[in-house]
Amino acid sequence: MTIAKVIVDVPSQNTNRPFDYGIPPQFSGVVQPGVRVIIPFGPRKIMGYVVSLTDKSDFDKIKDIVDVLDITPILTTELLQIGKWLSNQTLSFYISCLQVMLPQVLKAKYRKELWKTTEEALPEELALVFAGRDVMDYEEFEQSEVTYQKLRKFVDEGWIDVHYEVKSRETRRTTSMIESNKDIIELEESLVDLPKQANKQRVIVEHFLEYEQPVPKKQLLTTLNTTAAALKPLIEKGILREYKQEILRDPYGHRSFERTQPFPLTAEQQTAIEPVLATIERKEHDVFLLHGVTGSGKTEVYLQSIQRVIDDEQEAIMLVPEIALTPQMVERFKGRFGSNVAVLHSALSAGEKYDEWRKIQRKEVQVVVGARSAIFAPFTNIGIIIIDEEHESSYKQEDRTRYHARDVAVERGKIHSCPIILGSATPALETYARAVKGNYHLLTLSKRMNDATMPKAELIDMRDELHDGNRSMFSRVLKEKIEDRIAKGEQVVLFLNRRGYATFVMCRDCGHVKECPHCDIALTYHRRQERLKCHYCSHEEPMPNQCPECESKTIRYFGTGTQKVEEALQQLIPEARVIRMDVDTTRRKGAHERLLNQFGEKQADVLLGTQMIAKGLDFGNVTLVGVLAADSLLNLPDFRASEKTFQLLTQVSGRAGRHNLPGEVIVQTYTPEHYSIQLSSEYNYEAFFAEEMKLRKAFRYPPYYFLTLFTVSHPNQLKVQEVTQKIVQFMRQKLTDEADVLGPTPSALTRINDRYRYQCMVKYKKEPEQRKLVQRILHYYEDEMKQENGLQITVDFQPYQLM
Ligand SMILES: Nc1ncnc2c1ncn2[C@@H]1O[C@H](COP(=O)(O)OP(=O)(O)OP(=O)(O)O)[C@@H](O)[C@H]1O
Ligand SMILES: [Zn+2]
Ligand SMILES: [Zn+2]
């Protein structure tokens, strides 16, 4: 094998295929599929991934690989195959699909430099910026007056050249180790040879006479209460040896986890787990939907299924939504499987993530618990993949490679011939429909643990409150019940949906709302810095002290942020001890954990928060859950709005009465008659499913139809309209009559970052030609899309964000 097929690190249509490179003799045997290499590409050197080896190339002249970055492949052959599949599924570039599977630090960083390529004096304009240097940073050059056109000209004329230097961001942490370099007898002899006054050296040598094992330098010096100065002569004389050993950063290293034993399963759990265990045993692929009400013991079923896989010497991937990856959750897995677990989530630093990933790669663990991207864990012998809260939209990646972790799981499950468990109290409509049809295997847990009942939910019509003169954001019932729990020493969870509840700034005189100058969206007021920020671009500005329209001084912030709720609650019930959990209070590392611990230790009566507290929390003393504005999600322009509302209300309600004390839920709403609010308060998933399916059928939405969403953006509004119109026409012409092609429509967020956005939505049942057609569109616009700040067309074959 003398030729490597390489996917180069250039995401574009023309380079979206393997390129052939020769393997020079010094790298033969080292270059294998899945390693990263440095290759010449045009005038520069870049990184690429070897995807296969071959003996023959169709090209006469090929260049050689310059360098190899990995000794062990970082992508398994299976993952290379998954990458290819992903690229076909999502129509993303192959290179992007390979990179999405790897930790951040393994993606190369390039330093761009300008090199002087002549001995002659540079033209004046250039000489000015180079200021006597031969090499300069490209970024610095960009700050200068010289235009890109001029740069181009200078390069063409041979004065200067653009150089790329590939830098790996990979960092490894090492520690110094000390070991004896002699056998026991020689050591004893050296003891005799030591100068009389060298007491410290003597102590060190005696240590190694007693203990043979290598020991970390730091530890050695502290236990023997000595310094490096005493060690140095011993190393110089060759008695001891110092070497570097890699240590993996362990984000949970400072914590010890109490080991837990498997519970004897309840009859329901037993019935649910049996078919899963049987599938593991037979090494078969199957997809299970574990539909279990909140608190029914789904996690215990996961844990025991994983245990079986470990006993079989296989590996397990456990996905949980990012926001549910709480310390409590990690503890449950670490508690059962100890150091056999790697944890991957976004709160870890890039280095920590890389080290957790390497534990998987080096086969030091058999289990990974992580958010979406953990689905690409480089295990080679997977025995089960579990996705908890499978309905969560965070399993869908929303940029570049628009994959859904659920699809990747099923694909990997087929390759590894292993079962998949999708678990939820409120499965996605698509998933439940598949289970009903028999494509997935339905398992049900209908009862809560310890015969606890589902908490009784009461709907409060906030319009009545207003009529009766209560202008506060707390209904009278909710206030009374909070006071009652505080008196009894029980705890309360208050939930506020963040979406649609940002605090915006409005003038009370003229109604003017302060919007972002670059996006069609109201700015959000950030109290601590007294500034207004846009959540879509980075724009920010100070809070104005008068209205820019009418100059009135009555400009105020509106809306109900968690901060405002906290203030209102403190006014209403001054004795309440409140812990607020939102993006602001949990930004600092470890803050999340600290706040939850405080609540668990009953240092507060009320836990007030956003989505962050809706899932995964298991506190026995919580007997009341209050939902402040149940309908805030209902009004989003999204066909899944009702489904999301139902899911969220069910999740939040599930936090109450989980152990011995009975729970209660108060749901405040302006639309108590809405079916998703009604049915969630009755915990009736089946009825909700039936109702929602009728609507989906009538309006031709998933799961009855598939959707493809094109989003076109450009700084010029006319241009966007024109391109979207063309796409609509083309798709209408080429697709069958069965497909609905809708548009061009302005997106719900019509302008982001000074770019206008329009969309075209295709609803269809079966269009085998569709991907080819989309590819033709992308090809057609390729040149325009390459221009900086030019046209952008994104295509999503499974859209979740419709804005
Ligand atoms: N077989 C069992 N015997 C005794 N206790 C159990 C058993 N299975 C689970 N539990 C306990 O019951 C409680 C609820 O279980 P668990 O959290 O697994 O439910 P869940 O369905 O995952 O809940 P949710 O979806 O609401 O997070 C936990 O405290 C768990 O330790
Ligand atoms: Zn005004
Ligand atoms: Zn903006």
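All values reported here derive from a predicted model rather than from experimental measurement. (Residues numbered from 1 in each chain as written. Chains lettered and ligands numbered in written order. Predicted model: local features only at pLDDT ≥ 70, side-chain atom pairs only at ≥ 80, totals over all residues. Heavy atoms only, no water.)

## Re the UniProt feature "domain: Helicase ATP-binding" (unreviewed entry) in the protein
As annotated by UniProt and renumbered to match this structure, "domain: Helicase ATP-binding" (unreviewed entry) occupies residues 279-445. As a span, residues 279-445 carries 37% helix and 23% strand, and end to end its C-alpha atoms are 19 Å apart. (UniProt positions renumbered as here; feature names shortened; annotations may be inferred. Helix = DSSP H or I, 4+ residues; strand = E, 2+ residues; numbered from the N terminus.)

## Considerations on the packing of helix H1 (residues 77-90) against helix H14 (residues 405-416)
H14 packs onto H1 with a crossing angle of 135° between their chain directions and a minimal axis gap of 11 Å. With respect to H14, the element H1 is oriented oblique. Handedness of the H1/H14 crossing: right-handed. In this structure, H1 uses Glu-78, Leu-79, Gln-81, Ile-82, Trp-85 and Leu-86 to contact H14, whose residues at the interface are Asp-407, Val-408, Glu-411, Arg-412, Ile-415 and His-416. (Axes fitted to C-alpha atoms, helices over the stretch in contact; angles between N-to-C directions. Parallel < 35°, antiparallel > 145°, perpendicular 65-115°, else oblique. Left-handed = near helix turned anticlockwise from the far one by under 90°. Contact = heavy atoms within 4.5 Å.)

## Let's talk about the packing of aromatic side chains
Taken as a whole and judged by the stated rule, the model has 13 aromatic pairs. Taking the centre distance of 4.4 Å and the plane angle of 5° together, the rings of Phe-639 and Tyr-701 count as stacked. Pair noted here: Phe-639 is in the loop between strand S28 (622-627) and helix H20 (641-653) and Tyr-701 is in the loop between helix H22 (685-698) and strand S30 (706-714), with a separation of 62 residues, a long-range link. Taking the relative accessible area as the measure of exposure, Phe-639 reaches 12% and is therefore buried. Between Tyr-780 and Tyr-781, the aromatic rings sit 4.9 Å apart at their centres with planes inclined by 90°, giving edge-to-face as the arrangement. Aromatic rings pair up to connect Tyr-432, Phe-646, Tyr-675, Tyr-685, Phe-688 and Phe-689 into one cluster. (Phe/Tyr/Trp six-rings, centres within 6.5 Å; stacked < 30°, edge-to-face > 60°. Buried < 20%, exposed > 50% of the residue type's maximum accessible area, 1.4 Å probe, protein only.)

## What to know about the pairing of strand S31 (residues 740-752)
Relative to strand S32 (residues 755-764), S31 is paired through 7 bridges, and the arrangement is antiparallel. Counted as the bridge partner of Pro-746 is Tyr-758 from S32. The antiparallel pairing of S31 with S32 creates a hairpin that spans 2 residues between the two strands, and Asn-753 there sits at a positive phi of about 55°. (Pairing = 2+ DSSP bridges.)

## Considerations on the UniProt feature "binding site: Zn(2+) 2" (unreviewed entry) in the protein
Mapped onto this numbering, the UniProt entry gives "binding site: Zn(2+) 2" (unreviewed entry) at Cys-516, Cys-519, Cys-534 and Cys-537. A stretch of 22 residues holds the annotated residues, and the largest C-alpha distance among them is 8.7 Å, short enough that they meet in one place. Relative to the assigned elements, Cys-516 resides in the loop between strand S21 (504-507) and strand S22 (524-526). You can call Cys-516 buried: its relative accessible area is 3%. Look past the residues within four positions of Cys-516 in its chain and what remains in contact with it is Ile-521, Leu-523, Cys-534, Cys-537, His-539 and Arg-751. Examined against the element boundaries, Cys-534 turns out to sit in the loop between strand S23 (531-533) and strand S24 (540-542). Ignoring sequence-local partners within four residues, the contact set of Cys-534 consists of Cys-516, Cys-519, Ile-521, Leu-523 and His-539.

## Structural notes on helix H9 (residues 228-236)
Considered for burial, the residues of H9 that qualify are Ala-230, Leu-231 and Leu-234. For H9, the angular spread of the buried residues around the axis is 95°, confining them to a single face. With respect to the buried face of H9, the exposed residues turned more than 90 degrees away are Ala-229, Lys-232 and Glu-236. After H9 finishes, the residue Gly-238 shows a positive phi value of roughly 80°. (Arc of directions from axis to C-beta.)

## Looking at the pattern of salt bridges
Applying the stated criterion across every chain, the model contains 45 salt bridges. Residue Arg-402 is joined to Glu-398 by a salt bridge in which the shortest nitrogen-to-oxygen separation is 3.8 Å. Judged by relative accessible area, Glu-398 falls into the partly exposed class, the value being 21%. Note that Glu-566 and Arg-580 form a salt bridge whose closest N and O atoms lie 2.7 Å from each other. Remark: Arg-580 occurs in strand S26 (residues 578-581) and Glu-566 occurs in helix H18 (residues 562-572); sequence separation between them is 14 residues. Within the structure, one salt-bridge network assembled from shared partners comprises Lys-481, Asp-484, Arg-485, Lys-488 and Glu-664. (Salt bridge = Lys/Arg side-chain N within 4 Å of Asp/Glu carboxyl O.)

## Examining the site of ligand 1
Taken together, 19 residues lie near ligand 1, and Gln-269, Lys-298, Thr-299, Asp-618 and Arg-658 sit nearest. A distance of 3.2 Å is found between an oxygen atom of ligand 1 and a backbone nitrogen or oxygen belonging to Ser-296. Residue Arg-655 places a side-chain N or O atom 3.2 Å away from an oxygen atom belonging to ligand 1. Bound to the protein, ligand 1 loses 87% of the 630 Å² it would expose on its own. For the shell around ligand 1, the element with the highest residue contribution is helix H11 (residues 298-311), accounting for 3 residues. Classifying every residue of the shell around ligand 1 gives 5 nonpolar, 8 polar and 6 charged. (Near = heavy atom within 4 Å. Polar contact = N/O pair within 3.5 Å; in protein donor to acceptor, adjacent residues only side chain to side chain. Areas by Shrake-Rupley, 256 points an atom, 1.4 Å probe, with all protein chains shown as cover. Nonpolar A, V, L, I, M, F, W, Y, C, P; charged D, E, K, R; others polar.)

## Considering the sheet that holds strand S2 (residues 19-22)
The 5 strands are arranged S2-S1-S4-S3-S5 in an open sheet whose pairing can be described as antiparallel. The outermost strands of the open sheet, each flanked by one partner alone, are S2 and strand S5 (67-68). In the sheet, strand S3 (residues 36-41) pairs with S5 via 2 bridges, with the strands oriented antiparallel. The partner of Val-37 across the bridge, within S5, is Val-68.

## A look at the nonpolar core
Judged by nonpolar contacts, the single largest core of 61 residues is most densely connected at Leu-75, Leu-98, Ile-317, Val-368, Ile-375 and Phe-376. Leave out the neighbours within four places in its chain, and Val-368 touches Ala-316, Ile-317, Met-318, Ala-342, Leu-344, Ile-360, Ala-374, Ala-377 and Phe-379. Counting 33 residues, the second-largest nonpolar core is a separate cluster that includes Phe-288, Val-301, Leu-325 and Phe-333. (Core = buried A, V, L, I, M, F, W, Y, C linked by side-chain atoms within 4.5 Å.)

## What to know about the pairing of strand S29 (residues 664-669)
Summarising burial for S29: 6 of the 6 residues are buried, a large majority. The pairing of strand S19 (residues 456-461) with S29 spans 6 bridges and is classified as parallel. The residue bridging Leu-459 from the neighbouring strand is Val-667, located in S29. The pairing of S28 with S29 spans 4 bridges and is parallel. By the bridge assignment for S29, Val-625 is matched with Val-665.

## What to know about empty space enclosed by the protein
The tally for this structure, following the rule as stated, stands at 1 cavity of 30 Å³ or more. The calculated volume of the largest cavity comes to roughly 50 Å³. In this structure, the largest cavity is lined by Phe-495, Leu-496, Asn-497, Val-627, Ala-629, Ala-630, Ser-632, Leu-633, Leu-648 and Leu-649. (1 Å grid on protein atoms, 1.4 Å probe; cavity = no way out; pocket = protein on both sides within 12 Å on 5 of 7 lines; lining within 4 Å. Points joined across faces, edges and corners; volume = space filled by probe spheres on them.)

## So, H20
Taking 1.5 Å per residue, 13 residues should reach 18 Å; H20 reaches 18 Å between its end C-alpha atoms and fits that length. Burial runs high along H20: 12 of the 13 residues are buried. Along H20, the residues classified as buried are Ala-641, Ser-642, Glu-643, Thr-645, Phe-646, Gln-647, Leu-648, Leu-649, Thr-650, Gln-651, Val-652 and Ser-653. On its buried face, H20 is in contact with helix H15 (429-437), strand S20 (491-495), S28, S29, helix H21 (675-681) and H22. (Expected span 1.5 Å × (residues − 1).)

## Brief notes about the sheet that holds strand S11 (residues 240-247)
Taken together, the 3 strands give an open sheet; going across it, the order is S10-S9-S11, and neighbouring strands pair in antiparallel fashion. Since the sheet does not close on itself, it has two edges, and those belong to strand S10 (215-216) and S11, each with one partner. Across 8 bridges, the pairing between strand S9 (residues 173-180) and S11 is antiparallel. Counted as the bridge partner of Ser-180 is Leu-240 from S11.

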